[in-house]
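Descriptive structure summary
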Amino acid sequence: MPAEVKPKIGDDAQISLDGQEKGELTLLAEQLRDIGPRLNDDPRWTSAARELSCRLPMRLRQTLRRFTWNSGREAMLLVRNLPVEPENVPDTPTVRGSVQRETTTPASALMLIAMAMGEVIAFEKEKTGALVQDVVPVPGMEQFQGNAGSIKLNMHTENAFHEHKPDLVGLMCLRNDHENVAGLRVASVRNAVPLLSARTREILHQPRFVTMAPASFEMADGMEEPHGILAGSFEDPDLKVDFSSTIPSDDEAGQAMAELEAVIERVAHTLILGPGDLAFVDNRLALHGRNSFQPRYDGRDRWLQRVFVHLDFRKSRVMRMADGQVLGAGEAVR
Ligand SMILES: O=C(O)CCC(=O)C(=O)O
Ligand SMILES: [Fe+2]
C-alpha cells in the first residue's frame, strides 16, 4: 500500500479494486495476455486490448471516465490491487532501455486500463518506441536525471519539449526498492497556483522559458520555441516545466521559476507504490519526479512499468506511420 508523506490525497483520486473486481480484471488480463502474437507492440494485440478494455469492471470504468473528464485537484489517479503476484515477478532488469515486449498479466492489466482512457502511444526515439517500458535503476547511471537513475529525479512534465507530449503517464509498480523508500512524487498545479503571488503567476504565463529536448531525441538545435510554464485559463491553467531542462530567458523569469519550484516541493505527494499499485498522472496539470534510493542490482530492485496515453489520437497523426501507436519523424515534409 502506498503511504503518503505530506497531505493525504482524497478518495476521489484513488480506487482500490475489491476481490471481485480484481478477479474480473485478472480474467480479462489473462485473456488479453494469451492473444497472439503475445507481443505488446503488435497492432493485432493492441487492437484486442482496445476492444477488451470496454469490459473492465463497471466501477473502475466509471472512475476512469470521470478522470478523463476532469482529473481533479490532485490531477492524478491511484488504482490499487491490480493482478501483480510478487512471487511471480521475474528478476528486475538492469539494462538501459529495457522494455516489456512479451505480454504478461500485469502489463495486460496496465494496457487495458490505459486503453479504456485513450490511446497508448510511444516515441520512436525513446525506449525503441515500445509501448510498455521498464523503469528500473541501471548500474553506472545512478546520477542520471532520467528514470534509469537513483538520485533524486527533479519534478518534470513528461517529454515537456514535445509538441505531442503524453496527456497521461501511467506508472505501475511490480516491485519497490529493498528499503521501501523509493517514492513517485506528484504535484498538481491546482494545489500550487493558490500559493503563488499574482505577479509570479503572470510571469509564468508569459513565453519567457524554453525547454530543451533530451539528447536521446536528436532534435535539431534551436528548434525550441519560448513558452509559458502556465498556459490557458488563468484560474485553472495547464502546467509545463521540467526543472532539469527548462531554462528561463531572464532573471525575473528565473525567480518566478524558483518560486514555483519551492511551492511544488511543498505540495508534492510522495507515493511509495507497492506491487499492484498504479498511478496515472495528468501530464497537463501535474509534475512528477522521484526521491532517491539505493539500488543493489541483485534482481530485486525497484521495477515500474510505464505507459503514455493520448486523449486525442488524431492530433499526432502526421507523426505516426500507418496510423500506428508510435510517434516518429512521420511523413516527409512536402
Ligand atoms: O521512478 C519514478 O517513480 C518516476 C520516473 C519517471 O519520471 C518516469 O519514468 O517518467
Ligand atoms: Fe517522468
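Residues numbered from 1 in each chain as written. Chains lettered and ligands numbered in written order. Predicted model: local features only at pLDDT ≥ 70, side-chain atom pairs only at ≥ 80, totals over all residues. Heavy atoms only, no water.

1. Things to note about the overall build of the chain
Quick note on the threshold: Every helix listed is a DSSP run of H or I at least four residues long, and every strand listed is a run of E at least two residues long, numbered separately from the N terminus. Each radius of gyration reported is based on C-alpha atoms, and the globular scaling rule is 2.2 Å times the count of residues to the power 0.38. With a 1.4 Å probe rolled over the protein chains alone, any residue whose accessible area is under 20% of its type maximum counts as buried; one over 50% counts as exposed, and the rest are partly exposed. Residue contacts are defined here by distance: any two heavy atoms, one from each residue, within 4.5 Å place the two residues in contact. In this description, accessible areas are obtained by the Shrake-Rupley approach with a 1.4 Å probe, and a residue is regarded as covered only by the protein chains that are shown. Under the convention used here, Asp and Glu are negative, Lys and Arg are positive, and both His and the chain ends fall outside the count. In plain terms, the charge of a residue is placed at NZ if it is Lys, CZ if Arg, CG if Asp and CD if Glu.
Broken down by element type, the chain carries seven helices and 17 strands. In terms of overall size, the chain behaves like a compact globule, its C-alpha atoms giving a radius of gyration of 19 Å where 334 residues would be expected to give roughly 20 Å. Seen through its principal axes, the chain has C-alpha atoms that stretch 55 × 50 × 40 Å. The buried share among the 334 residues of the chain stands at 55%. Put simply, 80% of the contacts in the chain that link residues at least 6 apart link residues at least 24 apart. Carbon and sulfur atoms form 52% of the exposed surface of the chain, whose accessible area is close to 14,700 Å². Between the mean site of the 39 positive side-chain charges and the mean site of the 48 negative ones, the chain shows a separation of 2 Å.

2. Topic: the nonpolar core
Quick note on the threshold: Take the buried Ala, Val, Leu, Ile, Met, Phe, Trp, Tyr and Cys residues and link them wherever side-chain atoms come within 4.5 Å; each set so joined is a nonpolar core.
Ranked by size, the top nonpolar core spans 49 residues in total, and within it Leu239, Leu260 and Ile264 carry the most contacts. In terms of residues, this core owes the most to one element, helix H7 (residues 251-267), which gives seven residues. Excluding anything up to four places from it in sequence, Leu260 contacts Leu196, Leu204, Ile229, Leu239, Val241 and Phe243. Core analysis: the second largest hydrophobic core is formed by 41 residues, Leu25, Leu28, Leu112 and Val307 among them.

3. Focus: the pattern of salt bridges
Our working rule: Note on definitions: salt bridges are taken to be side-chain nitrogens of Lys or Arg within 4 Å of carboxyl oxygens of Asp or Glu.
Summed over the entire model, instances satisfying the criterion amount to 21 salt bridges. A salt bridge links Arg59 to Glu21; the shortest N-O distance between them is 2.7 Å. You can see Arg59 sitting in helix H3 (residues 58-69) and its partner Glu21 sitting in helix H1 (residues 19-33), a full 38 residues away along the chain. With a relative accessible area of 38%, Arg59 lands in the partly exposed category.

4. Describing the pairing of strand S4 (residues 119-123)
Each regular strand shows side chains that alternate between the opposite faces of the sheet. Where we set the bar: When DSSP locates at least two bridges between a pair of strands, those strands are taken to pair.
Of all five residues making up S4, five are buried, and the element is well covered by its neighbours. Of the two faces of S4, the one holding Glu119, Ile121 and Phe123 and the one holding Val120 and Ala122 are both buried throughout. Here S4 pairs with strand S16 (residues 303-310) via three bridges, running antiparallel. Opposite Val120, over in S16, you have Val309 as the bridge partner. Sheet topology places S4 next to strand S17 (residues 326-327); two bridges connect them, and they run parallel. From the neighbouring strand, Phe123 faces S17, where its bridge partner is Leu327.

No statement about biological role is implied by the geometric values presented.
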